[in-house]
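Geometric and topological summary
Single-letter residue listing:
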Amino acid sequence: MTEARIQKIEDILSERTRHLAVVLENIYHPHNASAIIRNCDCFGIQDMHIIENRFDYTPNTDVARGAKKWVDLHYYNSSKNPTMDCINELKKNGYKIAATSLREDTVDIKDLPVDEKIALIMGTEDT
């Protein structure tokens, strides 16, 4: 690699954020989660947390297209309550927790406080 190419990679990596984290719980369709890894990479989100309560997740390399090399994947699966393990770890690191919901009496994503660290939790697409 040329020095210019190395510098370009280092410049881009320095712009990545840990201000926003994406959390996926109980991934049922690995293609969907692999596409989210690609989106995290595209938007400069460094950390994706994966909660494996019922389903194990392995990134689909055809869909992720190498993005998993650049996004840090954190797995939670080694206790009785991986979801709480993940939430507690995020809170310990200063994140506010926001979870997606289909209910109508919720906060709109546009109203989330962007001046604070946010972890956005998305549940399984299975149920």
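A brief look at the structure comes next. Nothing here was measured: the structure is a model prediction, and the numbers come from that model.

Let us now look at a negative patch on the surface. Side chains of Glu3, Glu10, Asp11 and Glu15 sit close together on the surface and give a patch of like negative charge. With respect to the helices, strands and loops of the structure, Asp11 is situated in helix α1 (residues 3-14). For Asp11, a relative accessible area of 40% puts it in the partly exposed group.

A word on the packing of aromatic side chains. Under the definition given, this model contains 1 aromatic pair. Plain terms: the ring middles of Tyr28 and Phe55 are 5.2 Å apart, the flat faces sit at 65 degrees to each other, and that makes the pair edge-to-face. Of this pair, Tyr28 sits in the loop between β1 (20-25) and α2 (30-43) while Phe55 sits in the loop between β2 (47-51) and α3 (61-64); the two residues are 27 residues apart in sequence, bridging distant segments of the chain. The ring centre of Tyr95 lies 4.4 Å from the NZ or CZ of Lys117, which sits over that ring.

By secondary structure assignment, the location of Glu52 is in the loop between β2 and α3. Polar contacts involving the side chain of Glu52 include one to the side chain of Asn77, which spans 2.5 Å.

For the rest of this paragraph, the subject is the pattern of salt bridges. Tallied over the full model, the rule gives 5 salt bridges. Of the charged contacts, one joins Asp41 and Arg16 as a salt bridge, the two residues approaching to 2.8 Å between their closest N and O atoms. Linking Asp41 in helix α2 with Arg16 in the loop between α1 and β1, this pair joins segments that are 25 residues apart in sequence. Residue Asp41 is classed as partly exposed on the basis of its relative accessible area, which comes to 24%. Accessibility expressed as a relative area gives 15% for Arg16, which makes it buried.

Locating Asn26 in the fold gives a position in the loop between β1 and α2. With a relative accessible area of 9%, Asn26 lands in the buried category. Side-chain polar atoms of Asn26 contact the backbone nitrogen of Arg54, separated by 2.9 Å.

Another point: the nonpolar core. One finds Val22, Leu24, Ile27, Ala33, Ile37, Cys40, Ile45, Met48, Ile50, Tyr57, Ala67 and Val71 forming the largest nonpolar core, which totals 12 residues. The biggest single contributor to this core is α2, with 3 residues. Listed in part, the 10 residues of the second largest apolar core include Val23, Tyr76, Leu90 and Ala119.

Okay, the sheet that holds β2 next. Read from one edge of the open sheet, 5 strands run β3-β2-β1-β5-β4, paired in parallel fashion. Every interior strand has two partners, whereas the edge strands, β3 (72-76) and β4 (96-99), have only one. Pairs of neighbouring strands in the sheet enclose a mean axial angle of 25 degrees, with direction left out of account. Where β4 and strand β5 (residues 118-122) come together, 4 bridges link them in parallel fashion. Each bridged residue has a counterpart across the sheet, and for Lys96 the counterpart in β5 is Ile118. Packing against the sheet, helix α4 (residues 82-92) makes contact with β1, β2, β3, β4 and β5, and its axis sits at approximately 155 degrees to β2.

Quick notes on the rules
Residues numbered from 1 in each chain as written. Predicted model: local features only at pLDDT ≥ 70, side-chain atom pairs only at ≥ 80, totals over all residues. Heavy atoms only, no water. Patch = residues over 30% accessible without salt bridge, like charges linked within 9 Å, V, L, I, M, F, W, Y side chains within 5 Å. Areas by Shrake-Rupley, 256 points an atom, 1.4 Å probe, with all protein chains shown as cover. Salt bridge = Lys/Arg side-chain N within 4 Å of Asp/Glu carboxyl O. Lys, Arg positive; Asp, Glu negative; His and termini not counted. Charge placed at Lys NZ, Arg CZ, Asp CG, Glu CD. Helix = DSSP H or I, 4+ residues; strand = E, 2+ residues; numbered from the N terminus. Buried < 20%, exposed > 50% of the residue type's maximum accessible area, 1.4 Å probe, protein only. Phe/Tyr/Trp six-rings, centres within 6.5 Å; stacked < 30°, edge-to-face > 60°. Lys NZ or Arg CZ within 6 Å of the ring centre and 35° of its normal. Polar contact = N/O pair within 3.5 Å; in protein donor to acceptor, adjacent residues only side chain to side chain. Core = buried A, V, L, I, M, F, W, Y, C linked by side-chain atoms within 4.5 Å. Pairing = 2+ DSSP bridges. Axes fitted to C-alpha atoms, helices over the stretch in contact; angles between N-to-C directions. Contact = heavy atoms within 4.5 Å.

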